[in-house]
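Topology and contacts: notes
Each chain, letter by letter, is given below.
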Amino acid sequence: TTAGAPAILAAKAGHNDGHHSHTDIGHFILNVAGESLLCDPGRGLYSKDYFRQPRYENFFCNSLSHSVPRIGGKLQMPGPEFGGKQQYHGRIVEHHPAAKEKVVSIEMQEAYAIPELRLARRRLVFQSTTGASQLVDEFMFSGRALETEEAFVTWAQVETRGAEATLIGKSAALQLTIPEPASAVFVAESHAEDCRANQREGVLTRLVVYLPPGTQRFALRLEPKAV
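To start, this report covers the structure provided alongside it. For clarity, every value in this text was computed on a predicted model and none was experimentally measured.

As a further point, take the packing of aromatic side chains. Tallying each qualifying case throughout the model produces 7 aromatic pairs. Ring geometry for Phe 28 versus Phe 152: centroids 6.3 Å apart, planes at 70 degrees, classification edge-to-face. Here the residue Phe 28 occupies a position in strand 2 (residues 28-32), and Phe 152 occupies one in strand 9 (residues 148-154), the gap between them amounting to 124 residues. The pair Phe 28 / Phe 152 is uniform in exposure class, with both members buried. Ring geometry for Phe 152 versus Phe 218: centroids 6.1 Å apart, planes at 25 degrees, classification stacked. Taken together, the positions of Phe 152 in strand 9 and Phe 218 in strand 15 (residues 217-226) put the pair 66 residues apart, joining distant regions of the chain. Directly above the aromatic system of Tyr 46 lies the positively charged group of Arg 43, at a separation of 4.5 Å from the ring centroid.

Written out as structure tokens, the structure is:
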């Protein structure tokens, strides 16, 4: 909790297949005081193509609208129901739900179908007494490190200041700070056009971090604040 406001962290492993699935292995939600400041944006506009082969061309179905990395310029792959070659799974390799410091680690490299990507592991640590969290993403490659882009999505108002960003909700805020790598900064991308095209109210912002070449570790602190 923060200032008496409850905080909840939820993360997804699973697979990228099925009639209603999104390509979102490793995605997570951080809810403070009943508002998901880091959110799952939900569905796009239903159409014939939404449930056919072009499904993942829709922004709300693919990885761009979720808090997952883009690696080597590639998004996560869909499963065979919508044209993928196989069912791509995330794997929980660490889980400590009962302690005050709750931990989950998810390996998600399979979802990208990139042969040279040997490891993409996301570790989330949640402090149940304060609502503060830490995210660490680690990457390993068989050759040189591919360009990697981290991203975090929100419906909230966004303010960025280099390696810091603040998401401002109705009754709470969330401060994001990048301790590693030292030169990384936030860039706010507004997806107003995608929201209009899908008849969604509000504007989804994608907070992007372009990691420096060769980066194999990214760390983020997430701290709820009262407003």
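In this structure, the largest pocket occupies an estimated 260 Å³ of space. Lining the largest pocket are 16 residues, and of these Leu 9, Ala 11, His 95, Lys 102 and Val 104 lie nearest its centre. Listing elements by their share of the lining of the largest pocket, those giving two or more residues are strand 1 (7-11), strand 5 (91-96), strand 6 (101-107) and strand 7 (117-127). Split into classes, the residues belonging to the lining of the largest pocket amount to 12 nonpolar, 2 polar and 2 charged.

Right, let's get into the pairing of strand 2. Burial analysis of strand 2 places 4 of its 5 residues in the buried class, which makes it a mostly covered element. Taken together, the 5 bridges between strand 1 and strand 2 define a ladder with antiparallel strand orientation. From the neighbouring strand, Ala 7 faces strand 2, where its bridge partner is Val 32. By the bridge criterion, 3 bridges tie strand 2 to strand 3 (residues 35-38) in an arrangement that is antiparallel. By the bridge assignment, Val 32 is partnered in strand 3 with Glu 35. Here strand 2 folds back onto strand 3, and the loop between the two strands holds 2 residues, one of which, Ala 33, carries a positive phi near 55 degrees.

Before going further, it helps to examine the nonpolar core. One finds Ile 71, Phe 152, Leu 176, Phe 186, Leu 220 and Leu 222 to be the most contacted residues of the largest nonpolar core, which totals 42 residues. In terms of nonpolar packing, the next biggest core, distinct from the first, is built from 7 residues, Cys 39, Val 153, Cys 195 and Leu 204 among them.

Here we come to the environment of Tyr 210. Relative to the assigned elements, Tyr 210 resides in strand 14 (residues 205-210). Sequence spacing of Tyr 210 and Ala 151 is 59 residues, and the spatial spacing of their C-alpha atoms is 8.7 Å. Not counting residues up to four positions away in its chain, the partners in contact with Tyr 210 are Thr 148, Glu 149, Val 185, Val 187 and Glu 189. Among the polar contacts made by the side chain of Tyr 210, one reaches the side chain of Glu 189 at a distance of 3.2 Å.

Another point: the state of the cysteines. Evaluated as defined, the whole model comprises 0 disulfides. Take Cys 61: it sits in no disulfide, and the sulfur closest to it among the cysteines is that of Cys 195, at 13 Å. Overall, the relative accessible area of 0% leaves Cys 61 in the buried class. Counting only cysteine sulfurs, Cys 39 is the nearest neighbor of Cys 195, a cysteine outside any disulfide, at a range of 9.5 Å. On the basis of relative accessibility, which here comes to 0%, the residue Cys 195 falls in the buried class.

Quick look at the pattern of salt bridges now. One pass over the structure, following the stated rule, counts 13 salt bridges. The shortest N-O distance in the salt bridge between Lys 12 and Asp 24 comes to 3.0 Å. Of this pair, Lys 12 sits in the loop between strand 1 and strand 2 while Asp 24 sits in the loop between strand 1 and strand 2, and the two are 12 residues apart along the sequence. The exposure class of Lys 12 is partly exposed, given its relative accessible area of 28%. Take Asp 24: its relative accessible area is 5%, and that puts it in the buried class. Across the pair Arg 91 and Glu 107 runs a salt bridge whose closest N-O atoms are separated by 3.0 Å.

Another aspect to go through is the sheet that holds strand 14. Taking strand neighbours across the sheet as the criterion, the 4 strands line up as 4-9-14-13 in an open arrangement whose pairing is antiparallel. Two strands lie at the open edges of the sheet, namely strand 4 (70-71) and strand 13 (187-190), each paired on one side alone.

Reading the values: rules and limits
Residues numbered from 1 in each chain as written. Predicted model: local features only at pLDDT ≥ 70, side-chain atom pairs only at ≥ 80, totals over all residues. Heavy atoms only, no water. Phe/Tyr/Trp six-rings, centres within 6.5 Å; stacked < 30°, edge-to-face > 60°. Helix = DSSP H or I, 4+ residues; strand = E, 2+ residues; numbered from the N terminus. Buried < 20%, exposed > 50% of the residue type's maximum accessible area, 1.4 Å probe, protein only. Lys NZ or Arg CZ within 6 Å of the ring centre and 35° of its normal. 1 Å grid on protein atoms, 1.4 Å probe; cavity = no way out; pocket = protein on both sides within 12 Å on 5 of 7 lines; lining within 4 Å. Points joined across faces, edges and corners; volume = space filled by probe spheres on them. Nonpolar A, V, L, I, M, F, W, Y, C, P; charged D, E, K, R; others polar. Pairing = 2+ DSSP bridges. Core = buried A, V, L, I, M, F, W, Y, C linked by side-chain atoms within 4.5 Å. Contact = heavy atoms within 4.5 Å. Polar contact = N/O pair within 3.5 Å; in protein donor to acceptor, adjacent residues only side chain to side chain. Disulfide = S-S within 2.5 Å. Salt bridge = Lys/Arg side-chain N within 4 Å of Asp/Glu carboxyl O.

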